[in-house]
Amino acid sequence: MREIALDMYQTLGLAIVLLLLGTWIKSKVSVLQKYFIPAPVIGGLLFSLIMLVGHSMEIITFNFDSNLRNFFMVVFFTSVGFLASFSLLKKGGVAVAIFLFAAIILVTLQNGVGVALAKVFGLNPGIGLAAGSIPLTGGHGTSGAFGPYLEERGVVGATVVAVASATYGLVAGCIIGGPIAKRLMEKFKLVCKDDRKEQVSAVEEEKVTEASIFRAVCLIGIAMGLGATITPIIKSYGLALPAYLIPMLIAAIMRNIIDSSSKKTPVNEISIVGNVCLSLFLSMALMSMKLWQLADLALPLITILLAQTVVMGLFAYFITFNLMGRDYDAAVMATGHCGFGMGATPNAIANMEAFTSVNGFSTKAFFVVPLVGSLFIDFFNAVIIQTFTSIFVG
């Protein structure tokens, strides 16, 4: 079998080509747009399928440089830390805090279900985490980060399982959201009382300039530099942490220090930098997946994911709906929770838009769900995943 090794620059070039290819394919295939399948996932999976064929026929295999992939991963999660504004959480009111609490409970439950079922099948508990909140609430970005982290701790195939689960979640979250909200509306005879017709943005839009982008890059770089200094010190005391966790925590601290002053955090610019790095990171992570590792895990993985889908549906119906007030807004938030609890925030918005376009708008839901889904839950999810990993994987 011929082995091709790509250096850092070649790996980056291929990742960009696959990202552009995925963008083009997505623009031509409506079902990929409907379920918000990310372009780097499309391009990366396509190449990983080519690698699978090459490996199966013993023709060719590829080795990639991982330095830039790890760099982009840390940049993205550091940008997530800057979104954790507790003054914004306070400003969002009680509803935001309650919904965030519900989302945190779901994250914990998803990991518990994953670990329990993995043990039933006699698998490493890490496989259960790779089919828990890592891919579901976390999505492809968290999957690409924690998959290799779990594999470093002996969980073979964790990245492939996590990415496959994340792709499944994008579709499943959209499928179950609408029927659950419809059932709630019919059973409790809910009526929309909101005459607002336009979506409320949780984040103020400001003009992006070269100076504001530069400030965002500087803030991210400082947080990453401090994190890279502190992480080895913590590791020397026997506590192993993913490379991005401390930079993310430092970024959250920096954000809240800035919020307490008269200055503003360049949130939009930080999000832009983070999202660009996320796309490149995902493309690199997925194109290097070893899909042949999934074969022996097919039946257990299908069982775990079906169980997670049932858990999500029941949670949205009985917990999210009741916690959020048992009214029309709560039903809309329940369908939104299915979207990002199984997939991502765009899926949550798609679920809510599809439901409210027929039954009436919900200002409260369109404020609360994106705020929690895009600004807060990734931060808490990462901490909870790390806790589970320390307990069950080591």
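Everything below is about the structure printed above this text.
Residues numbered from 1 in each chain as written. Predicted model: local features only at pLDDT ≥ 70, side-chain atom pairs only at ≥ 80, totals over all residues. Heavy atoms only, no water.

A.B. asks: Would you explain the packing of aromatic side chains in this entry?
C.D. replies: Aromatic ring pairs are defined here through the distance separating the ring centres and the angle between the ring planes. Within this structure, the stated rule accounts for 15 aromatic pairs. Arranged with centres 6.1 Å apart and planes meeting at 65°, the rings of Phe 47 and Phe 64 form a pair that is edge-to-face. Separated by 17 residues along the polypeptide, Phe 47 in helix α3 (residues 39-56) and Phe 64 in strand β2 (residues 60-64) bring together distant segments of the chain. Summarising the burial analysis for this pair, Phe 47 and Phe 64 share the class buried. Seen from their ring centres, Phe 379 and Phe 380 are 5.5 Å apart, and the 85° between their planes marks the pair as edge-to-face. By way of ring pairs, the aromatic residues Phe 76, Phe 77, Phe 146, Tyr 149 and Tyr 244 are connected into one cluster. (Phe/Tyr/Trp six-rings, centres within 6.5 Å; stacked < 30°, edge-to-face > 60°. Helix = DSSP H or I, 4+ residues; strand = E, 2+ residues; numbered from the N terminus. Buried < 20%, exposed > 50% of the residue type's maximum accessible area, 1.4 Å probe, protein only.)

A.B. asks: Where do I start with the packing of helix α4 (residues 67-81) against helix α10 (residues 210-235) in this structure?
C.D. replies: If you want to describe how two helices pack, look at the angle between their axes and the distance between the axes. The interhelical angle for the contact between α4 and α10, taken along N-to-C directions, is 110°, at an axis separation of 10 Å. For the element pair α4 / α10, the angle class is roughly perpendicular. Here α4 contributes Phe 71, Val 74, Val 75, Thr 78 and Ser 79 to the contact with α10, which in turn contributes Ile 220, Ala 223 and Met 224. (Axes fitted to C-alpha atoms, helices over the stretch in contact; angles between N-to-C directions. Parallel < 35°, antiparallel > 145°, perpendicular 65-115°, else oblique. Contact = heavy atoms within 4.5 Å.)

A.B. asks: I would appreciate a short explanation of helix α13 (residues 298-323) in the present structure.
C.D. replies: Side chains that are three or four residues apart share a direction in an α-helix, a result of its 3.6 residues per turn. Here α13 contains 26 residues, and its C-alpha end-to-end distance of 36 Å stays within 8% of the 38 Å for a straight helix at 1.5 Å per residue. In the stretch just after α13, Gly 325 is the one whose phi turns positive, near 115°. (Expected span 1.5 Å × (residues − 1).)

A.B. asks: Explain the environment of Pro 232 here, please?
C.D. replies: Positionally, Pro 232 belongs in helix α10. Each C-alpha atom, one on Pro 232 and one on Tyr 317, is 44 Å from the other, the two residues being 85 residues apart in sequence.

A.B. asks: Would you mind going over the side chain of Asn 351 with me for this structure?
C.D. replies: Residue position: Asn 351 is located in helix α15 (residues 345-359). Residue class for Asn 351 comes out buried when judged on its relative accessible area of 6%. Look past the residues within four positions of Asn 351 in its chain and what remains in contact with it is Gly 173, Cys 174, Gly 177, Thr 335, Cys 338 and Gly 339.

A.B. asks: Looking at this structure, how should I read the pattern of salt bridges?
C.D. replies: In a structure, side chains of opposite charge can pair up when their charged atoms sit close to one another. By the definition in use, this model includes two salt bridges. Here Arg 153 ties to Glu 152 by a salt bridge, and the two come within 3.4 Å at their closest N and O atoms. Residue class for Glu 152 comes out exposed when judged on its relative accessible area of 63%. Among the ionic pairs, Asp 259 bridges to Arg 255, the shortest N-O distance being 3.1 Å. Placement of the pair is Asp 259 and Arg 255 together in helix α11 (residues 245-259), with a separation of four residues, close to one helical turn. (Salt bridge = Lys/Arg side-chain N within 4 Å of Asp/Glu carboxyl O.)

A.B. asks: What is the right way to read the packing of α4 against α11 from this model?
C.D. replies: The contact between α4 and α11 brings their axes to 7 Å, and the two run at 35°. The hand of the α4/α11 crossing is right-handed. Contacts between α4 and α11 pair Val 74, Phe 77, Thr 78, Val 80 and Gly 81 from the former with Pro 247, Met 248, Ala 251, Ala 252 and Arg 255 from the latter. Here the residues of the contact of α4 with α11 are counted per class, giving seven nonpolar, two polar and one charged. (Left-handed = near helix turned anticlockwise from the far one by under 90°. Nonpolar A, V, L, I, M, F, W, Y, C, P; charged D, E, K, R; others polar.)

A.B. asks: Any chance you could explain α11 here in plain terms?
C.D. replies: Over its 15 residues, α11 runs 21 Å from end to end, which matches the ideal 21 Å to within 8%, given 1.5 Å per residue. Within α11, the full set of buried residues consists of Leu 245, Ile 246, Pro 247, Met 248, Ile 250, Ala 251, Ala 252, Met 254, Arg 255 and Ile 258. In the core, the buried residues of α11 are packed alongside α4, α10, α12 (267-287) and α16 (363-392).

A.B. asks: Hey, could you run me through unusual backbone geometry in this one?
C.D. replies: Notably, Glu 58 is not glycine yet its phi reads approximately 55°, a positive angle. When you line up the elements, Glu 58 lands in the loop between α3 and β2. With a phi angle near 55°, Arg 326 is a residue other than glycine that sits in the positive phi range. Classification of Arg 326 by relative accessible area gives partly exposed; the value is 43%.

A.B. asks: Even after reading the chapter, I still don't get the environment of Thr 356, so can you show me in this structure?
C.D. replies: Along the polypeptide, Thr 356 turns up in helix α15. Between the alpha carbons of Thr 356 and Val 332 there is a distance of 7.5 Å; along the sequence they are 24 residues apart. For Thr 356, the side chain forms a polar contact with the main-chain oxygen of Met 352, separated by 2.7 Å. (Polar contact = N/O pair within 3.5 Å; in protein donor to acceptor, adjacent residues only side chain to side chain.)

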